[in-house]
Amino acid sequence: MSEEASPPVPFWQSVRQSLRGEEHDYTALPLNRAVILLAVPMVLEMVMESLFAVADVYWVSHLGTDAVAVVGLTESLMTLIYAVAIGISIAATAIVSRRIGEKQPELAAQAAGQIVLLGLLVATGIGIVLGYFAPDILRFMGAGEEIVTLGSGFARLMLGGNATVFLIFLINAIFRGAGDAVIAMRTLWLANALNIVLGPCFIFGWWIFPELGVTGAAVATNIGRGVGVLYQLWHLAGHHSRVKVRWQHFKPEREVLDAVLRKSGSGIIQLLISTTSWVGLFKILALFGSSALAGYTIAIRIVVFALMPAWGLANAGATLVGQNLGAHKPERAEAAVKIAMQLNVLVLSVVGIVFVLFAHPLVRLFTQDPEVVAFGTQALWILSLAFPLYAAGMCFESAFNGSGDTWTPARLNFLCLWLGQIPIAWGLSKSLGFGPVGAFIAVPAAYSLLAICSWRLFRRGKWKTQKV
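Below you will find a few notes about this structure. (Residues numbered from 1 in each chain as written. Predicted model: local features only at pLDDT ≥ 70, side-chain atom pairs only at ≥ 80, totals over all residues. Heavy atoms only, no water.)

**Structural notes on the environment of Ile174**
Argument step 1. Position of Ile174 relative to the elements: it lies in helix α7 (residues 163-178).
Argument step 2. Residue Ile174 is classed as buried on the basis of its relative accessible area of 0%.
Argument step 3. Sequence-wise, Ile174 and Ala94 are 80 residues apart; in three dimensions their C-alpha atoms are separated by 8.9 Å.
Argument step 4. Once residues lying within four places of it in the same chain are set aside, the contact partners of Ile174 are Ala92, Val96, Ala112, Ile115, Val116, Leu236 and Val243. (Helix = DSSP H or I, 4+ residues; strand = E, 2+ residues; numbered from the N terminus. Buried < 20%, exposed > 50% of the residue type's maximum accessible area, 1.4 Å probe, protein only. Contact = heavy atoms within 4.5 Å.)

Set out below in structure tokens:
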């Protein structure tokens, strides 16, 4: 009996199986079950990333505002590195999932080897340049000499050691493309659990650890992520992974590298457009004072905390798109995206309702300043109204990326975020006099437009014809 024709499996049994990491043919499984098996570990992977972001800020905040400023300035630079890494990761998932769907594991392994090689070369080049010039970069970003003195060690380690996070992104994208979502989840849980445990040890000098202050946060982060990369490489070498990479797969292959670079370029542009659009929005909000900016910052952190796990469902859809297109089953790929989208909309709708009802107490968990609380509550309430559309939009964009059509999301991001979100924010807040509320409204407006445009292009189906 084929997997497609096998009797339905109860939901909780599928959840347990998803966490055991059993190998399945995702081009033949019943789609509802396939989505669950992939989505559960992917959602849990993103949950840990959300928890780590909160824990990291919590410990560093005990060192004072200058230490938080160091982390904030360095992270603003790291977002550019993340954009490059995630851009290549989009290509990695699309190519590996397509080869697995075509039942060509050797070509998937070859692509994985070339992706790791490319990532290592790019990360090393970035690390040498940015690590060496880290103090000057902090000055360029507007940091005073006190912050530069305090934060040079942190910035050097984070920027110079970016290969750890770069490779974690890339190799996890390979695992997700292959359908090995549990390995990707365990990697991030291992790396971030070590980060969370070692962070306060190195920051405050607990037990046998040296007291390194804010630099200790970077030491803990790189140790945790470094161990995560070693764990990934052990699996890539053939331990429980569907993609088994050997030394010969790291030998440069121009044709494969060209394919990765072509898909990566538009993926990187896609992420850079999205990232820089937020910088523009922050610039507009800064015109209305620090309280408005702080309130919005708190609200967006709460929103991102909720949205990160939702990307797990979107990523599950992307993997199923790639594998099913590789198996020449485009209608099945489309159906998988619709199932993932419906689940995502359901979950985020509930979360959005909770945020709307409890916006004020949620913001008060982060600050007691009445003016900041007022702005943060307004922002969280407004941002949460469009949660169902955020959920749908991320699934459609992931579907395009999973098919290898990375230019469509790049164009949509430019249209809706740069030509939509920024002008709307400026027009409502300045020209029409709505103030910070106008900038808050621009976010759900732009992302609603993004979801609607993505849906129309998804229905046209051109993404089903992409060659990878």
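That shown, we press on.
**A few points about unusual backbone geometry**
Argument step 1. Phi angles above zero are rare outside glycine, and Lys103 is one such case at about 60°.
Argument step 2. Its location among the elements puts Lys103 in the loop between α3 (65-101) and α4 (105-132).
Argument step 3. In this structure Lys103 comes out as partly exposed when scored by relative accessible area, which is 49%.
Argument step 4. Positive phi, normally seen in glycine, also occurs at Trp207, with a value near 55°.
Argument step 5. Considering the arrangement of structural elements, one finds Trp207 in the loop between α8 (181-204) and α9 (214-236).

**Overview of the packing of aromatic side chains**
Argument step 1. As enumerated under the stated definition, the model contains 16 aromatic pairs in all.
Argument step 2. Taken together, a centroid distance of 5.6 Å and an interplanar angle of 85° make the contact between Trp59 and Trp206 edge-to-face. In this pair, Trp59 is assigned in helix α2 (residues 31-61) and Trp206 in the loop between α8 and α9, connecting sequence segments 147 residues apart.
Argument step 3. Take Trp59: its relative accessible area is 21%, and that puts it in the partly exposed class.
Argument step 4. Among the aromatic side chains, those forming a connected cluster through ring pairs are Phe355, Phe387, Tyr390 and Tyr447. (Phe/Tyr/Trp six-rings, centres within 6.5 Å; stacked < 30°, edge-to-face > 60°.)

**A few points about the pattern of salt bridges**
A side chain of one charge can pair with a side chain of the opposite charge when the charged atoms of the two come close.
Argument step 1. All chains considered together, the criterion is met by 10 salt bridges.
Argument step 2. For Arg99, the salt bridge is made with Glu102, and the minimal N-O distance between the two is 3.2 Å.
Argument step 3. For Glu102, a relative accessible area of 28% gives the class partly exposed.
Argument step 4. Its salt-bridge partner being Glu334, residue Lys338 comes within 3.4 Å of it at the nearest N-O pair. With Lys338 and Glu334 both in helix α12 (residues 330-357), this residue pair falls four residues apart, about one helical turn.
Argument step 5. We classify Glu334 as buried; its relative accessible area is 12%. (Salt bridge = Lys/Arg side-chain N within 4 Å of Asp/Glu carboxyl O.)

**Brief notes about a nonpolar patch on the surface**
Argument step 1. Residues Leu346, Val347, Val350, Ile353, Val354, Leu357 and Phe358 make up a contiguous nonpolar surface patch of about 670 Å² in total accessible area.
Argument step 2. Within the secondary structure layout, Leu346 lies in helix α12.
Argument step 3. Exposure remark for Leu346: the relative accessible area of 54% places this residue in the exposed category. (Patch = residues over 30% accessible without salt bridge, like charges linked within 9 Å, V, L, I, M, F, W, Y side chains within 5 Å. Areas by Shrake-Rupley, 256 points an atom, 1.4 Å probe, with all protein chains shown as cover.)

**Considering the side chain of Asn162**
Argument step 1. For Asn162, the position within the fold is in the loop between α6 (145-160) and α7.
Argument step 2. The class for Asn162 is buried, based on a relative accessible area of 0%.
Argument step 3. Residues in contact with Asn162, not counting those within four places in the same chain, are Met78, Ile81, Ala123, Ile126 and Gly127.

**Quick look at the nonpolar core**
Argument step 1. Counting 61 residues, the largest nonpolar core has Ile88, Ile174 and Val243 as its most contacted members.
Argument step 2. Ranked by residue count, the leading element in this core is α3, at 15 residues.
Argument step 3. If we ignore the near neighbours within four places in the chain, the residues touching Val243 are Val96, Ile100, Ala108, Ala109, Ala112, Ile174, Ala178, Asp180, His235 and Leu236. (Core = buried A, V, L, I, M, F, W, Y, C linked by side-chain atoms within 4.5 Å.)

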